[in-house]
Amino acid sequence: MSGFSRIFSSTVFTWLAVWSVVVASDRRDMPLRTLAADRFLIGAAINVPQAEGRDAVAMNLISRHFNTVTPENILKWEKVHPEPERYDFGPVDRLLEVTESQGILLIGHTLVWHQQTPRWVFKSASGEPMDRDALLERLRAHITAVVGRYKGRIGGWDVVNEAFEDDGTVRKTPWSQIIGEDFIAKAFEFAHQADPDAELYYNDYNLWKPAKRDAAARLVRQLLDRGVPVDGIGEQGHWLINDPPLDLIEAAIVPFGKLGVKVVITELDVDPLPRPRELMGADLSKRPELRQSLDPYREGLPDAVQQELAQRYGDIFRLFVKHADKIARVTFWAVTDANTWLNNFPFRGRTNHPMLWDREGKPKPAFDAVIKALSGK
Ligand code: G3I
């Protein structure tokens, strides 16, 4: 290379480096929702203190970065409908006032689940087990009351949550055992009747596991073939820092796009703590004893792991950008490390660090990695 070329290329290189730092730092000041605009909505789960204005750090981040939120717990059956004749809509009503005033879209989570559903749901007034017709009627009444109340205000619903085991078989729950496997189709029909304009999703974790992914894809195809209204598949992104491999995550996005339904990433977090492989996903029935070796970052995440987490988030978001024609929304399952469910799963009382912001609400390298990926880098 001639001296001129060398000087020229090194000058160009220096300018490019300076420029990319300038652009990156400019972009760091941009809301995630602005950078994701034209691709997908970007959201977070919101908990009660946040919804009630008692967590200013998280609420400021929500207002700035997200255009959709999903209440983490207050629309689950045990919260919104704790007794046969009693609904508790207050917390959701108050949350909607806040989100609507800020132009933030609320997503409903969740109508039918085997967790967080009171025992009385499956028993008659005299304490007898329900039969199929009676339980279907109870399900219809619940969905009609909850979805109907928020008709036109809640934009989409996780209608059925976690109906499959990881091997693709239908999970044995009171729903599937009393009603039969068509409890899923019935729930979608009831929800559609209650609000024909709301988007309706089937939502599950570990869909990167081929057997479970294929079962969910079969379900969606059957529902569509029978004319049951299903708009999308909710892929809970409860992933680890090193697992599952990116190609398996990608393989769980593509088939749903081909079926013509939206892919929504409903519960994204990336767990950097060690986890025994059998505890992948979000099976709340598995709660082994906490061992110290499984809680190694109580004093903070070491730099090397911060970088690894950033790399993983960057890879994941580059994949989302690549498949933005199929992905309609990406929702993180918390705002900061202070309020993630992963501080208590699969072991209670861990100090976890899976989000883009640390416990004080300061952006982590993972935040910069997401900014870069959304900026096409
Ligand atoms: O509200 C009670 C409170 O009154 C009581 O004092 C306190 C004592 O433990 O418990 C509170 O309830 C807790 C609830 O969150 C609200 O904070 C439950 O114990 C706790 O088990 C519950 O955990 C939630 C979990 O679902 C079970 O519903 C997590 O916050 C929530 O992040 C998690 O979310 C699930 C999705 O819905 C479905 N996919 C998996 C995901 C992670 O498990």
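A brief report on the enclosed structure follows. (Residues numbered from 1 in each chain as written. Predicted model: local features only at pLDDT ≥ 70, side-chain atom pairs only at ≥ 80, totals over all residues. Heavy atoms only, no water.)

Comments concerning unusual backbone geometry
Here is step 1 of the chain: The amide bond that connects His109 to the next residue, Thr110, takes the cis arrangement and shows omega of 0°.
Here is step 2 of the chain: The residue Thr110 is located in strand β3 (residues 105-112) in this model.
Here is step 3 of the chain: Not every positive phi belongs to a glycine, and Glu162 is a case in point at roughly 60°.
Here is step 4 of the chain: Among the secondary structure elements, Glu162 is positioned in the loop between β4 (154-161) and α8 (174-179).
Here is step 5 of the chain: Among the residues examined, Glu162 registers a relative accessible area of 5% and is labelled buried.
Here is step 6 of the chain: At Asn206, a position not held by glycine, the phi torsion is positive, near 55°.
Here is step 7 of the chain: Turning to its location among the elements, Asn206 is positioned in the loop between β5 (199-204) and α10 (210-225). (Helix = DSSP H or I, 4+ residues; strand = E, 2+ residues; numbered from the N terminus. Buried < 20%, exposed > 50% of the residue type's maximum accessible area, 1.4 Å probe, protein only.)

Quick notes on the site of the ligand
Here is step 1 of the chain: If you check the shell around the ligand, you find 16 residues, and the closest are Glu72, Lys76, Lys79, His109 and Glu267.
Here is step 2 of the chain: Measuring from an oxygen atom of the ligand, one finds a side-chain N or O atom of Glu72 at 2.4 Å.
Here is step 3 of the chain: At 2.7 Å, a side-chain N or O of Lys76 approaches an oxygen atom of the ligand.
Here is step 4 of the chain: When the free accessible area of the ligand is taken as 790 Å², the share hidden by the protein chains comes to 57%. (Near = heavy atom within 4 Å. Polar contact = N/O pair within 3.5 Å; in protein donor to acceptor, adjacent residues only side chain to side chain. Areas by Shrake-Rupley, 256 points an atom, 1.4 Å probe, with all protein chains shown as cover.)

Structural notes on the packing of aromatic side chains
Here a ring pair, both rings aromatic, is described through the centre-centre distance and the interplanar angle of the planes.
Here is step 1 of the chain: Per the stated rule, a full pass over the model turns up 14 aromatic pairs.
Here is step 2 of the chain: Ring centres 6.0 Å apart and planes at 85° place the aromatic pair Phe66 and Trp357 in the edge-to-face group. One end of the pair, Phe66, is in the loop between α4 (56-65) and β2 (68-71); the other, Trp357, is in the loop between β9 (327-332) and α14 (365-374), with 291 residues separating them in the sequence.
Here is step 3 of the chain: By relative accessible area, Trp357 is classed as buried at 3%.
Here is step 4 of the chain: Between Phe317 and Phe332 the ring centres are 5.9 Å apart and the planes differ by 15°, which places this aromatic pair in the stacked class. You can see Phe317 sitting in helix α13 (residues 303-322) and its partner Phe332 sitting in strand β9, a full 15 residues away along the chain. Each member of the pair, Phe317 together with Phe332, is buried.
Here is step 5 of the chain: Cation over ring: Lys212 sits above Tyr205, and NZ or CZ is 3.9 Å from the ring centre. (Phe/Tyr/Trp six-rings, centres within 6.5 Å; stacked < 30°, edge-to-face > 60°. Lys NZ or Arg CZ within 6 Å of the ring centre and 35° of its normal.)

Considering the environment of Ala215
Here is step 1 of the chain: You can see Ala215 is positioned in helix α10.
Here is step 2 of the chain: The class of Ala215 is buried, set by a relative accessible area of 4%.
Here is step 3 of the chain: Residues within four places of Ala215 in sequence aside, it is in contact with Phe164 and Gly168. (Contact = heavy atoms within 4.5 Å.)

What to know about the packing of α13 against α14
Here is step 1 of the chain: At a minimum axis distance of 8 Å, the contact between α13 and α14 shows a crossing angle of 25°. With respect to each other, α13 and α14 are oriented roughly parallel. Crossing of α13 against α14: the hand is right-handed. Where α13 abuts α14, its residues Gln306, Gln307, Leu309, Ala310, Tyr313, Gly314, Phe317, Arg318 and Val321 lie against Pro365, Ala366, Ala369, Val370, Ala373 and Leu374.
Here is step 2 of the chain: A breakdown of the residues in the contact of α13 with α14 according to their chemical character gives 11 nonpolar, 3 polar and 1 charged. (Axes fitted to C-alpha atoms, helices over the stretch in contact; angles between N-to-C directions. Parallel < 35°, antiparallel > 145°, perpendicular 65-115°, else oblique. Left-handed = near helix turned anticlockwise from the far one by under 90°. Nonpolar A, V, L, I, M, F, W, Y, C, P; charged D, E, K, R; others polar.)

Describing the pattern of salt bridges
Here is step 1 of the chain: Inspection of the entire model under this criterion finds 20 salt bridges.
Here is step 2 of the chain: Note that Glu199 and Lys262 form a salt bridge whose closest N and O atoms lie 2.4 Å from each other. Separated by 63 residues along the polypeptide, Glu199 in strand β5 and Lys262 in strand β8 (residues 262-271) bring together distant segments of the chain.
Here is step 3 of the chain: Residue Arg318 is joined to Asp315 by a salt bridge in which the shortest nitrogen-to-oxygen separation is 2.9 Å. You can see Arg318 and its partner Asp315 sitting in helix α13, 3 residues apart, about one turn around the helix.
Here is step 4 of the chain: You can call Arg318 partly exposed: its relative accessible area is 35%.
Here is step 5 of the chain: Each of the salt bridges in this network shares a partner with another, and the network as a whole consists of Asp166, Asp204, Lys209 and Lys212. (Salt bridge = Lys/Arg side-chain N within 4 Å of Asp/Glu carboxyl O.)

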